[in-house]
Amino acid sequence: MKAMRLEGIGQLFTREVDKPVPGPDELLVRVEACGVCGTDRHLFHGEFPSKPPVTLGHEFAGIIEAMGTEVTGFAIGDRITGDPNIACGRCSHCVNGRVNLCRNLQAIGIARDGGFADYVIVPQKQAFLLPASLDPMFGAFCEPLACCLHGTDLAEIKAGSSVVVLGGGVIGLLTVQLARLAGASTVILSTRQASRRELAEELGATASVDPSSSDIIESITGPNGLVLGGVDVVLECAGVAETVQQATKLVRPGGTVVILGVMAQGEKVEIEPFDLLFREVKLVTSFLNPFTHRRAADLIASGTIEVERLISRKVSLEEAPSVVSNPPGRGEVKVLVVPGL
C-alpha cells in the first residue's frame, strides 16, 4: 500500500509499504480521508515530539475491511472515525480520569503509523461508528472537533456569554460554532484573512475583526469597542505568541482564557502575571480530546456542526508531502488527503 512517511526532521516521502495486519483487538481501516493538521507541519519541522520513521495523519475516517478475533461491536463495511490518542489506562493520570495526560500516551500518526495511507490500524477502543450515509469526507473532522470540544468545555461558556476566538483556521471556525452552540450571545472572530472572517460570520460569529487593520484590544474592548471592558471568554486558536498575549488583554476581570493553539516546542511568550493576578484572570490550557471523540462524532453525524465549507481542497497521497512541508495557502482552512485520488 502507499503511505506518507516522516523519516526524519524535514524528510517526508510517500512510499510503498507493507499493508498492516490487525491484531486480536484491532481493526484494519481503509482510509477515506485524513485531514492535514498544523501539528503535522510541526512534526515535519521537528517542533513537536514524534518517533520517526512513522506514517503521519491523525484526523482520519474510513471503512473497516478486516478485524481481529477479539473485536466486538463492529462489522466489516462499517464506517468509523478513529480517536488517535491511545492512553495506557494504568498510570496515575489515567486512573484519575486525565487520559489526555497519560504518561505512556501513544498517538496514531505521531508515535504509531497513522492515516496518511491507504490503510490504518485502529484499536477497537479507539474506533467510533459513523452513519453509512455520511459524506466520507466529514469523518475526518471528528478529531479536531473533539479537541475543540475539550477547549470549550474548559471555557465553561454560559448562555449569554461574550466570547472572542483568536485565529480563523479550522480550530477557530469549529470553536466559533461550538461557542454559539453553548449559548454565547456574542462571538467575535479575529483573523487577518477576509475570506475566513466572512465564513466565520456565515457560521455563527456575530462579528469579526482584522487585527492587522487596527488595535484589536481597542476595537473589541475600548470605549467604542464591541464589548466594553473585556469579554467573558477568550479562546486562543492560532498558536502564535502575539495572539496569546492578545488573549490576556481582551478578557474581562474574572474571565477565562483558554489556549487551544499549538505553538512550536520551546517558543516563549511574555505575559504580565501582576495584571492577571489583580484581574483574577483564569488562564487554562487545553490538550487533546479526553472523552470527547464520541460527542464530536455525533455532532458531525447529525449535521449540527458545519464542516463541508471548511474543506479547501482534496489531495492525493503523492501530493501530501508537498502540502505538509509548506505553509497553508492563503484562505485555506482544511486540506484533506484522500487515498486513491
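Structure: above.
This report concerns the structure included in the present document.

Quick word on the overall build of the protein
Link 1 in the chain: Helices and strands together make up the secondary structure of the protein, namely ten helices and 18 strands.
Link 2 in the chain: For the protein, the C-alpha radius of gyration of 20 Å lies close to 20 Å, the compact-globule estimate for 341 residues.
Link 3 in the chain: Taken over the C-alpha atoms alone, the protein extends approximately 65 × 40 × 40 Å along its principal axes.
Link 4 in the chain: Every one of the 341 residues in the protein was classed for burial, and the buried ones make up 56%.

Here we look at the sheet that holds strand E2 (residues 11-16)
Link 1 in the chain: In space, the three strands of this open sheet follow the order E2-E1-E4, with antiparallel pairing throughout. Sheet topology places E2 and strand E4 (54-55) at the edges, where each strand pairs with a single neighbour.
Link 2 in the chain: Alignment of strand E1 (residues 2-8) against E2, held across six bridges, turns out to be antiparallel. Among the inter-strand pairings, glycine 8 is bridged to a residue of E2, identified as glutamine 11.

Focus: the pattern of salt bridges
Link 1 in the chain: Following the criterion strictly, the structure yields 18 salt bridges and no others.
Link 2 in the chain: We note a salt bridge from glutamate 59 to lysine 334, for which the minimum N-O separation is 2.8 Å. Of this pair, glutamate 59 sits in strand E5 (residues 59-67) while lysine 334 sits in strand E18 (residues 334-337), and the two are 275 residues apart along the sequence.
Link 3 in the chain: Lysine 334 sits in the buried class, given a relative accessible area of 2%.
Link 4 in the chain: The partner of aspartate 298 in a salt bridge is arginine 294, with the nearest N and O atoms 3.0 Å apart. Remark: arginine 294 and aspartate 298 occur in helix H9 (residues 293-302); sequence separation between them is four residues, near one turn of the helix.
Link 5 in the chain: Assessed through its relative accessible area of 42%, aspartate 298 is described here as partly exposed.
Link 6 in the chain: Residue arginine 294 is classed as partly exposed on the basis of its relative accessible area, which comes to 31%.

Some remarks on the nonpolar core
Link 1 in the chain: One finds Val163, Leu235 and Leu310 to be the most contacted residues of the largest nonpolar core, which totals 47 residues.
Link 2 in the chain: Other than its neighbours up to four places away in sequence, leucine 310 contacts Phe141, Val170, Leu173, Leu174, Leu199, Leu203, Val333 and Lys334.
Link 3 in the chain: Core analysis: the next-biggest nonpolar cluster, separate from the first, contains 32 residues, Met4, Ala107, Ile108 and Ala127 among them.

Things to note about the side chain of glutamine 177
Link 1 in the chain: Relative to the helices and strands, glutamine 177 is located in helix H4 (residues 170-181).
Link 2 in the chain: Here glutamate 306 takes part through its backbone nitrogen, which lies 2.7 Å from a polar atom of the side chain of glutamine 177.
Link 3 in the chain: With sequence-adjacent residues up to four places away left out, glutamine 177 is seen in contact with Leu203, Ile305 and Glu306.

Re H4
Link 1 in the chain: Taking 1.5 Å as the rise per residue, H4 with twelve residues should run 16 Å; its terminal C-alpha atoms sit 17 Å apart, in good agreement.
Link 2 in the chain: With respect to burial, H4 is a largely interior element, nine of its twelve residues being buried.
Link 3 in the chain: Burial in H4 covers these residues: Val170, Gly172, Leu173, Leu174, Thr175, Val176, Gln177, Leu178 and Ala179.
Link 4 in the chain: Backbone geometry just downstream of H4 places glycine 183 in the positive-phi region, at approximately 110°.

The rules behind these values
- Residues numbered from 1 in each chain as written.
- Predicted model: local features only at pLDDT ≥ 70, side-chain atom pairs only at ≥ 80, totals over all residues.
- Heavy atoms only, no water.
- Helix = DSSP H or I, 4+ residues; strand = E, 2+ residues; numbered from the N terminus.
- Rg over C-alpha atoms; globule rule 2.2 N^0.38 Å.
- Buried < 20%, exposed > 50% of the residue type's maximum accessible area, 1.4 Å probe, protein only.
- Pairing = 2+ DSSP bridges.
- Salt bridge = Lys/Arg side-chain N within 4 Å of Asp/Glu carboxyl O.
- Core = buried A, V, L, I, M, F, W, Y, C linked by side-chain atoms within 4.5 Å.
- Contact = heavy atoms within 4.5 Å.
- Polar contact = N/O pair within 3.5 Å; in protein donor to acceptor, adjacent residues only side chain to side chain.
- Expected span 1.5 Å × (residues − 1).

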